[in-house]
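Structure assessment
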Amino acid sequence: AVGSPNCAVSLADCADRADSVHALATMAYPVKLHVYDLTQGMARAMSMPMVGVQVDLVPHSGIAVYGYEFFFSGGIQAERGGWTGLPRCETLDLGTTEVPFELFLEFLKERADEFTMATYNLRSWNCNNFSDECAQFLLGQSIPRRIVGFAEDVLALPQLAGFAMMVENMGNPAQSFAAQGMA
């Protein structure tokens, strides 16, 4: 992974695979959005009684394409087959891309400095922004607003100020997962 030695698959390993598997003619690759709940059900259970607004999940997302899931967690990460840090809540089919794997890897390398542990911010620059940037590059479209705009739309509600602070106090998920050996 770019920016993190703890990743299961490095972007260089992905590039080696790209040379051998994806060097053929242009192909169409399915692009999926994997969605997870950072609170592991706590938002759904506690938001209504605590603040009077139902929040079903605090989304973490990753883009699944080329046999990997790419996500932002302390840096750009790539997991063969998909991330297993949390149970997946939802998988959305975003479409298909004809962007070659090598070109996508180049895009990730060029953007690596923008997606680091130091740049992570739950409200303004998080895994969902990374997924959105990837979807725009691969498909020319954004991921659903309910996911990429969650922090802006939901955590900004005045009645959720306490809930937002609780979620932010959970820390950077990348740091939490790294501490548990999951990043």
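Residues numbered from 1 in each chain as written. Predicted model: local features only at pLDDT ≥ 70, side-chain atom pairs only at ≥ 80, totals over all residues. Heavy atoms only, no water.

Examining the sheet that holds strand E3 (residues 68-72)
- Spatially, five strands are ordered E4-E3-E2-E1-E5 in an open sheet, and the strand pairing comes out antiparallel. The strands lining the two open edges of the sheet, one partner per strand, are strand E4 (76-80) and strand E5 (88-97). In this sheet, neighbouring strand axes are inclined to one another by 25° on average, regardless of whether the strands run parallel or antiparallel.
- Relative to E4, E3 runs antiparallel, the two sharing five bridges. (Pairing = 2+ DSSP bridges. Helix = DSSP H or I, 4+ residues; strand = E, 2+ residues; numbered from the N terminus. Axes fitted to C-alpha atoms, helices over the stretch in contact; angles between N-to-C directions.)

Things to note about the pairing of strand E1 (residues 29-37)
- Taking burial as the measure, the nine residues of E1 include seven buried ones, the bulk of the element.
- The pairing of E1 with E5 spans eight bridges and is classified as antiparallel. Its bridge partner being in E5, histidine 34 is matched across the sheet by threonine 91.
- For E1 and strand E2 (residues 59-65), the ladder comprises six bridges, and the chain directions are antiparallel. Looking at the pairing, lysine 32 lines up with alanine 64 of E2. (Buried < 20%, exposed > 50% of the residue type's maximum accessible area, 1.4 Å probe, protein only.)

Examining the packing of helix H3 (residues 101-111) against helix H4 (residues 127-139)
- Close contact between H3 and H4 brings their axes to 11 Å; oriented N to C, the two are set at 140°. Classified by the interaxial angle, the pair formed by H3 and H4 is oblique. The element H3 and its partner H4 pack so that their crossing is right-handed. Together, Leu103, Phe104, Phe107, Leu108 and Arg111 of H3 and Phe130, Glu133, Cys134, Phe137 and Leu138 of H4 make up the contact between the two elements.
- Classifying every residue of the contact of H3 with H4 gives eight nonpolar, no polar and two charged. (Parallel < 35°, antiparallel > 145°, perpendicular 65-115°, else oblique. Left-handed = near helix turned anticlockwise from the far one by under 90°. Contact = heavy atoms within 4.5 Å. Nonpolar A, V, L, I, M, F, W, Y, C, P; charged D, E, K, R; others polar.)

Focus on empty space enclosed by the protein
- This model, assessed by the stated rule, comprises one cavity of 30 Å³ or more.
- Considering only enclosed or pocket space, the largest cavity measures out at about 40 Å³ in volume.
- Around the largest cavity, the lining residues are Leu38, Val58, Pro59, Leu122, Asn126, Cys127, Asn128, Phe150 and Ala151.
- Elements that contribute at least two residues to the lining of the largest cavity include exactly H4 and helix H6 (150-155).
- Among the residues making up the lining of the largest cavity, the classes are represented as seven nonpolar, two polar and no charged. (1 Å grid on protein atoms, 1.4 Å probe; cavity = no way out; pocket = protein on both sides within 12 Å on 5 of 7 lines; lining within 4 Å. Points joined across faces, edges and corners; volume = space filled by probe spheres on them.)

Description of the packing of aromatic side chains
- On inspection of all chains with the given rule, the structure shows 15 aromatic pairs.
- Ring pairing ties together the aromatic residues Tyr29, Tyr66, Tyr68, Phe70, Phe101, Phe104, Phe107 and Phe137, which thus form one cluster.
- The ring of tyrosine 68 has arginine 80 sitting right over it, with the charged end atom 5.1 Å from the ring centre. (Phe/Tyr/Trp six-rings, centres within 6.5 Å; stacked < 30°, edge-to-face > 60°. Lys NZ or Arg CZ within 6 Å of the ring centre and 35° of its normal.)

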